[in-house]
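# Breakdown of the fold
Residue-level listing of the chains:
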Amino acid sequence: MRQNPSFTLADIAEIRRVIEANPWATIVSDGTEGLVASHYAVLLDDDRDDLTIVAHVGRPDDLIHGLGERELLVAFQGPHGYISPGWYGDVQAVPTWNYTAVHLAGVPEILSAEENLQVLDRLVDRFEGRMPDPRGMWERPNDPAFVQRLAAGTVGFRLTPTRVVAKRKLSQNKPAETIETVIGELDGDGPYANPALASEMRRAQDARTSAAGTKGAS
């Protein structure tokens, strides 16, 4: 992903928020037969406060990706959507796409069987916790033998990235009144309404306004 200083997302807390809110990631590596991509749910490592992530792949994806031997690129896609040039008013403009994305790259560490089980347990709890009647990985009708058998078909990994590219392209290069118009259109009921993207733009705009106020006060 090409970086652009105007759209750089450098705040670690914000990057962690994007990862936490968008755990379904694309995992890419340069395999023996060329580029290969897989899709898995990924979690932040709850023992760390940086951008270290934990996840698993099903066998034989570990071999396909050369897990633990080659660099992985893990890409997270946040809210995104079409932006009409008509929303900019009577000025020269073309369509664009607003988005938030995070790319983490590095050589992962393979987890032990016990660590992998802990990650799988966390993964189940992360999503089942929202259900009205959550069903944990170890709850009946599952039994330990069943869980262990399924876990043996996966390989867990931890990735502390050595390269991070995070980008938040949310019309920051437009005047404040134009940004407000775009947010209003995304929050409306038109064909490209996108409340999630509107919320992301509002968050970024409020952060810029707050930073400008703080700078002015100093």
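Up top is the structure.
An account of the accompanying structure is given in this report.

Conventions adopted
Residues numbered from 1 in each chain as written. Predicted model: local features only at pLDDT ≥ 70, side-chain atom pairs only at ≥ 80, totals over all residues. Heavy atoms only, no water. Pairing = 2+ DSSP bridges. Helix = DSSP H or I, 4+ residues; strand = E, 2+ residues; numbered from the N terminus. Contact = heavy atoms within 4.5 Å. Axes fitted to C-alpha atoms, helices over the stretch in contact; angles between N-to-C directions. Core = buried A, V, L, I, M, F, W, Y, C linked by side-chain atoms within 4.5 Å. Buried < 20%, exposed > 50% of the residue type's maximum accessible area, 1.4 Å probe, protein only. Salt bridge = Lys/Arg side-chain N within 4 Å of Asp/Glu carboxyl O. Parallel < 35°, antiparallel > 145°, perpendicular 65-115°, else oblique. Nonpolar A, V, L, I, M, F, W, Y, C, P; charged D, E, K, R; others polar. Phe/Tyr/Trp six-rings, centres within 6.5 Å; stacked < 30°, edge-to-face > 60°. Lys NZ or Arg CZ within 6 Å of the ring centre and 35° of its normal.

## Comments concerning the sheet that holds strand β8 (residues 154–159)
Spatially, β3-β4-β8-β7 is the arrangement adopted by the four strands of the open sheet, whose pairing is antiparallel. Edge positions in the sheet fall to β3 (43–44) and β7 (109–110), since each has one partner strand and no second. Examined bridge by bridge, strand β4 (residues 53–58) and β8 share six bridges and lie antiparallel to one another. Residue pairing for β8: I53 is matched across the bridge by L159. Sheet strands touched by helix α3 (residues 113–128): β3, β4 and β8. Its angle to β4, the strand with the most contacts, is close to 100°.

## A word on the nonpolar core
Counting 23 residues, the largest nonpolar core has I19, I53, V74, F76, V102 and F157 as the members making the most contacts within it. For this core, the elements supplying multiple residues, two or more each, are α1 (12–21), β1 (24–31), β4, β5 (72–83), β6 (96–106) and β8. Residues within four places of F76 in sequence aside, it is in contact with I19, N22, P23, A25, V42, I53, T100, A101, V102 and L104. Counting twelve residues, the second largest nonpolar core, distinct from the first, contains I83, L186, L197 and M201.

## Digging into the environment of A93
Mapped onto the elements, A93 comes out in the loop between β5 and β6. A relative accessible area of 33% means that A93 is categorised as partly exposed.

## Focus: the pattern of salt bridges
On inspection of all chains with the given rule, the structure shows 14 salt bridges. A salt bridge links R158 to E115; the nearest nitrogen and oxygen atoms lie 3.9 Å apart. In this pair, R158 sits in strand β8 while E115 sits in helix α3, placing the two residues 43 residues apart along the sequence. Overall, R158 belongs to the buried group, its relative accessible area being 16%. Salt bridges sharing partners connect three or more residues here, namely E14, R17, R168, E200 and R203.

## Some thoughts on the sheet that holds β5
The strand order across the open sheet formed by five strands is β2-β1-β5-β6-β9, and the pairing between neighbours is antiparallel. Edge positions in the open sheet fall to β2 (34–41) and β9 (163–169), since each of these has one partner strand only. The sheet shows a mean angle of 25° between the axes of neighbouring strands, taken without regard to direction. The sheet contact formed by β5 and β6 spans ten bridges and is antiparallel. The residue bridging V74 from the neighbouring strand is L104, located in β6.

## Some points on unusual backbone geometry
Backbone torsion omega between R59 and P60 reads 10°, so that peptide bond is classified as cis. Here P60 is to be found in the loop between β4 and α2 (61–64). With an omega of 15°, the peptide bond between R140 and P141 qualifies as cis. For S171, which is not glycine, the phi torsion reads 65° and is therefore positive. A relative accessible area of 3% means that S171 is categorised as buried.

## Describing the side chain of H65
Turning to its location among the elements, H65 is positioned in the loop between α2 and β5. Ignoring any residue separated from it by four or fewer positions in sequence, one finds H65 in contact with I27, V28, S29, V36, A37, S38, R70 and L72.

## Focus on the packing of α3 against helix α4 (residues 144–151)
Running from amino to carboxyl end, α3 crosses α4 at an angle of 105°, the nearest separation of the two axes being 11 Å. What the angle tells us is that α3 and α4 run roughly perpendicular. Residues N116, L117 and L120 of α3 lie in contact with α4, whose contacting residues are V147, Q148 and A151. Counted by class, the contact of α3 with α4 contains four nonpolar, two polar and no charged residues.

## Notes on the packing of aromatic side chains
Scanning the entire structure with this criterion turns up two aromatic pairs. Between Y82 and W97, the ring centres sit 6.2 Å apart and the planes meet at 70°, which makes this aromatic pair edge-to-face. Taken together, the residues span a long stretch of sequence, with Y82 in strand β5 and W97 in strand β6 at a distance of 15 residues. By relative accessible area, Y82 is classed as partly exposed at 22%. Note on Y82 and Y192: the rings are 4.5 Å apart at their centroids and 45° apart in plane angle, and the pair reads as tilted. Pair noted here: Y82 is in strand β5 and Y192 is in the loop between α5 (176–186) and α6 (195–217), with a separation of 110 residues, a long-range link. Three or more aromatic residues joined by ring pairs form one cluster here, namely Y82, W97 and Y192. Here K174 stacks its cationic end above the ring of Y88, 4.4 Å away from the centre of that ring.

All quantities given are derived from atomic positions and should not be read as evidence of function.
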